[in-house]
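# Structural characterization, general
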Amino acid sequence: MTAKPVPRPNADTAPYWEACNEERLLYQKCGACGHNQFYPRSICAKCGGGELAWTEAAPTGAVHSFTVVERAPSEAFKPDIPYVLALVDMADGYRMMMNVVDCDPAAVEIGMAVRIVFENRHGQKLPQATPA
Amino acid sequence: MADNAIITGVHNTKVGKVPGSSAMSLHAEAALGAIADAGLALGDIDGVICAYILTENYPMLSSAFCEYLGIEPNFNAGLNGGGATGAMMVMQAASLVETGQCRHVLCVAGDSRVSGMTRDQAVAVLADFGHPQFEVPYGISIPAAYALVARRYMHETGATLEHLAALAVTHRAHAAMHPDAHMQDPITMDDVAAARTIASPLRLLDCCLISDGGAAYVVSAPDAARDTARHPVRVLGAGQGHTHEHISQAPSLTDFGCKNAAARAFAKAGVTPSDIDVAEIYDSFTITLLVELESIGFFATGEAGPAALAGELTHGGRLPCNTHGGLLSFGHSGAAGGMFHIVEAVRQLRHEAADRQVPDAELCFAHGDGGILSAHCSLVLGRG
Ligand SMILES: [Zn+2]
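Residues numbered from 1 in each chain as written. Chains lettered and ligands numbered in written order. Predicted model: local features only at pLDDT ≥ 70, side-chain atom pairs only at ≥ 80, totals over all residues. Heavy atoms only, no water.

Spatially, S2-S1-S3 (chain A) is the arrangement adopted by the 3 strands of the open sheet, whose pairing is antiparallel. The sheet terminates laterally at strand S2 (36-37) and strand S3 (52-56) of chain A, the two strands that pair on one side only. (Pairing = 2+ DSSP bridges. Helix = DSSP H or I, 4+ residues; strand = E, 2+ residues; numbered from the N terminus.)

Mapped onto the fold, His64 of chain A is located in strand S4 (residues 60-69). Residue His64 of chain A is classed as buried on the basis of its relative accessible area of 10%. Engagement of the side chain of His64 of chain A in a polar contact is seen with the side chain of Asp89 of chain A, the distance being 3.1 Å. Dropping the residues within four chain positions of it, His64 of chain A is found in contact with Leu87, Val88, Asp89, Arg95 and Ile110 of chain A together with Arg152 and Leu253 of chain B. (Buried < 20%, exposed > 50% of the residue type's maximum accessible area, 1.4 Å probe, protein only. Polar contact = N/O pair within 3.5 Å; in protein donor to acceptor, adjacent residues only side chain to side chain. Contact = heavy atoms within 4.5 Å.)

Residues and elements named next belong to chain A. Within the first shell, the zinc ion binds the protein through Cys30 (SG), Cys33 (SG), Cys44 (SG) and Cys47 (SG), at distances of 2.3 to 2.4 Å. Around the zinc ion sit 4 donor atoms; with metal-centred angles ranging over 104 to 113 degrees, the donor geometry is tetrahedral. If you list the donors of the zinc ion from N- to C-terminus, the spacing comes out as C-x2-C-x10-C-x2-C. According to the relative accessible area criterion, Cys44 is buried, its value standing at 1%. By relative accessible area, Cys47 is classed as partly exposed at 39%. (Donors = N, O, S within 2.8 Å, 3.2 Å for Na, K, Ca; no water. Tetrahedral: all angles 85-135°; square planar, octahedral: opposite > 155°, others 65-115°.)

A few words on helix H6 (residues 161-175) of chain B. Over its 15 residues, H6 of chain B runs 21 Å from end to end, which matches the ideal 21 Å to within 8%, given 1.5 Å per residue. Within the span of H6 of chain B, buried status applies to His163, Leu164, Ala165, Ala166, Leu167, Ala168, Val169, Thr170, His171, Arg172, His174 and Ala175 of chain B. (Expected span 1.5 Å × (residues − 1).)

This next bit is on the domain arrangement of chain A. Residue and element names in this part refer to chain A. Along its sequence, chain A is organised into domain 1 (8-57) and domain 2 (58-132). Distance between the C-alpha centres of domain 1 and domain 2: 21 Å. In this complex, domain 1 contributes 13 residues to the contact, which on the side of domain 2 involves 14 residues. Interface of domain 1 and domain 2: buried area, both sides summed, is about 1,200 Å²; carbon and sulfur atoms make up 60% of it. Counting across the domain 1 and domain 2 interface gives 1 salt bridge. Residues Glu23 and Lys125 are paired through a salt bridge, measuring 2.9 Å at the closest nitrogen-oxygen approach. Linking domain 1 with domain 2 are 5 residue pairs in polar contact (both at pLDDT 80 or more), by the criterion used here. Those elements that place two or more of their residues in the side of domain 1 that touches domain 2 are helix H1 (14-21) and strand S1 (26-30). Per element, the largest residue contribution to the side of domain 1 that touches domain 2 is 4 residues, and it comes from H1. (Domains from an automatic or database assignment. Buried area = accessible area lost by both parts, 1.4 Å probe. Salt bridge = Lys/Arg side-chain N within 4 Å of Asp/Glu carboxyl O.)

Before going further, it helps to examine the interface of chain B and chain A. Contacts between chain B and chain A engage 31 residues on the former and 37 residues on the latter. Carbon and sulfur atoms make up 59% of the area that chain B and chain A hide from each other, which totals about 3,000 Å². On the chain B side of the contact with chain A, Gln133, Phe134 and Tyr138 of chain B bury the most area, a combined 27% of that side's loss. For the pair chain B and chain A, the interface holds 0 salt bridges. Counting the contacts that link chain B with chain A gives 17 residue pairs in polar contact (both at pLDDT 80 or more). Only helix H4 (119-127), helix H5 (142-157) and strand S5 (197-199) of chain B provide two or more residues apiece to the side of chain B that touches chain A. Ranked by residues supplied to the side of chain B that touches chain A, first place goes to H5 of chain B with 6 residues.

Now for the nonpolar core. Ranked by size, the top nonpolar core spans 89 residues in total, and within it Ile247, Ile287, Leu293, Phe298 and Val380 of chain B carry the most contacts. In terms of residue count, the dominant contributor to this core is H5 of chain B (9 residues). Taken domain by domain, this core gets at least three of its residues from each of domain 1 (8-57) and domain 2 (58-132) of chain A. Grouped together as the second largest cluster of nonpolar side chains are 49 residues, Val97, Cys102, Val235 and Ala335 of chain B included. (Core = buried A, V, L, I, M, F, W, Y, C linked by side-chain atoms within 4.5 Å.)

Moving on, we come to the sheet that holds strand S11 (residues 375-383) of chain B. Residue and element names in this part refer to chain B. Strand order across the open sheet formed by 9 strands is S3-S2-S4-S7-S1-S8-S11-S10-S9, with mixed pairing between neighbours. Since the sheet does not close on itself, it has two edges, and those belong to strand S3 (75-78) and strand S9 (278-281), each with one partner. For this sheet, the mean inter-axis angle between neighbouring strands, taken without regard to orientation, is 20 degrees. Two strands pair when backbone bridges link them, and strand S2 (residues 47-50) and S3 are joined in this way by 4 bridges, in the parallel orientation. When the bridges of S3 are listed, Cys50 appears paired with Gly78. This element, helix H1 (residues 23-38), spans strand S1 (6-12), S2, strand S4 (104-112) and strand S7 (212-220) of the sheet and lies at about 145 degrees to S4. (Axes fitted to C-alpha atoms, helices over the stretch in contact; angles between N-to-C directions.)

A cis geometry characterises the amide bond from Ile81 of chain A onward to Pro82 of chain A, with omega recorded as -5 degrees. Relative to the assigned elements, Pro82 of chain A resides in the loop between S4 and strand S5 (83-90). Here the bond from Ser200 of chain B into Pro201 of chain B is cis, since omega is 5 degrees, no more than 30 degrees from zero. Structurally, the position occupied by Pro201 of chain B is in the loop between S5 and strand S6 (202-203). The backbone of His351 of chain B sits at a positive phi, close to 65 degrees, despite the residue not being glycine.

Residues and elements named next belong to chain B. As a packed pair, H1 and helix H2 (residues 61-69) sit with axes 10 Å apart at the nearest point and diverge in direction by 70 degrees. Relative to H2, H1 is oriented roughly perpendicular. Note on packing geometry: the crossing formed by H1 with H2 is right-handed. Residues Met24, Ser25, His27, Ala28, Ala31 and Leu32 of H1 lie in contact with H2, whose contacting residues are Leu61, Ala64, Phe65, Tyr68 and Leu69. (Parallel < 35°, antiparallel > 145°, perpendicular 65-115°, else oblique. Left-handed = near helix turned anticlockwise from the far one by under 90°.)

So, on to H1 of chain B. All names here are of chain B. Its 16 residues give H1 an end-to-end C-alpha distance of 23 Å, which sits within 8% of 22 Å, the value for a rise of 1.5 Å per residue. Burial of H1 is extensive: 12 of the 16 residues sit out of reach of the surface. Buried residues along H1 sit against S1, S2, H2, S4, S7 and helix H12 (335-350). Of the residues flanking the end of H1, it is Gly39, one or two places downstream, whose phi is positive at about 80 degrees.

What follows is the structure in structure tokens.
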């Protein structure tokens, strides 16, 4: 059986994933326009500026939308079915895709408050959401 | 863009499980079919636009296709806007003939997504369309991405599962009127409701098919109409809209680039949605079409679903839509999937759609979207 995919950091994202391994969640704040950016990039997608400061995120948010996945995209996710895939609006004003874990899928709803926990995926820690 | 290009030939191969087909054989069959439909010879083609395939690896697909067919065009390029590619090809080909760079541009795509790969392989390859670091590790699939849109859209607009089911049932009824369609057996509202959930709220019958198939068209200079066999179809307007690639980066889950794409196409054509006689709009999922019908402005927010239930999207209704059955029931074979809509648009405007014909159709709106409602291209086509 194939393993679940592990993110492969690149030059843009390595600091983000290294911080995840310390169970800290980061985003980028633009020094030119103040935009809070996720996912990490080499430039600000709002203004094109390059002064991006890694900033510690408030590890909380609310479910913007979600789905309970019943057909897995690959063999590796079949044991997890049914699992919740969600878009979470983070307290710092950006959006992340995560699973909602340690929670009955039937209990998830739009607007539900969540907090960040970290899943250890073959040595790389991955942010996940769980009911706050 | 008044009358700077015409569509002179179209063709679709058989769609569904096509034994003995390869991606390239489907390309070739579609291409030769469209050229013959136009009444042209292979040597008349001086431009070629291809898209992409998933079942084989050709980094320069358009070059590989020309080599396979044995042609040496003056212009040759690949386009990849996902499901929007079919409409983008027309827009791109129109500008090639408008600027005099080409006289007859062949646009062609096809893939053997049934015969060339297993269903699990198809699902896995398609899942790789998620962001590799920020979506794929969370088990995203294409249905799950559209389900995120569906859940939010239903939350904000009051759209219901019954509205989505009405779209699926209408598409199957349309496919039953097309001899080449992949799925022709009628389905009921109860069948959709009873179908297993793929990613809630979307059920199996809310999802498009996975098919073998190919499609092609020839886009020509307006004065080439006299060289060709069929009633010409005019490209009156085209426009694009792009907001994101990955659904987690979409600025909104209820409003998408189709709004700007359509507004640009309508403005160029000098018409409005109420002028349109028939629409062929991308329907990778029932929710895709529902969102696009409202975002483009054919229906006010919250009204497309009730309209589908009331029969407004079929023959005799306010806006007959996807008269071939769409991706939901005619078939979906990669970039060719979005081309089937345009092939059908051309047949409607030529008044060659047999039992499916919308009487006296003069103006058609065609639209493709790629990714997760990411890349959009709209066309306004007119009977020449
Ligand atoms: Zn900035």
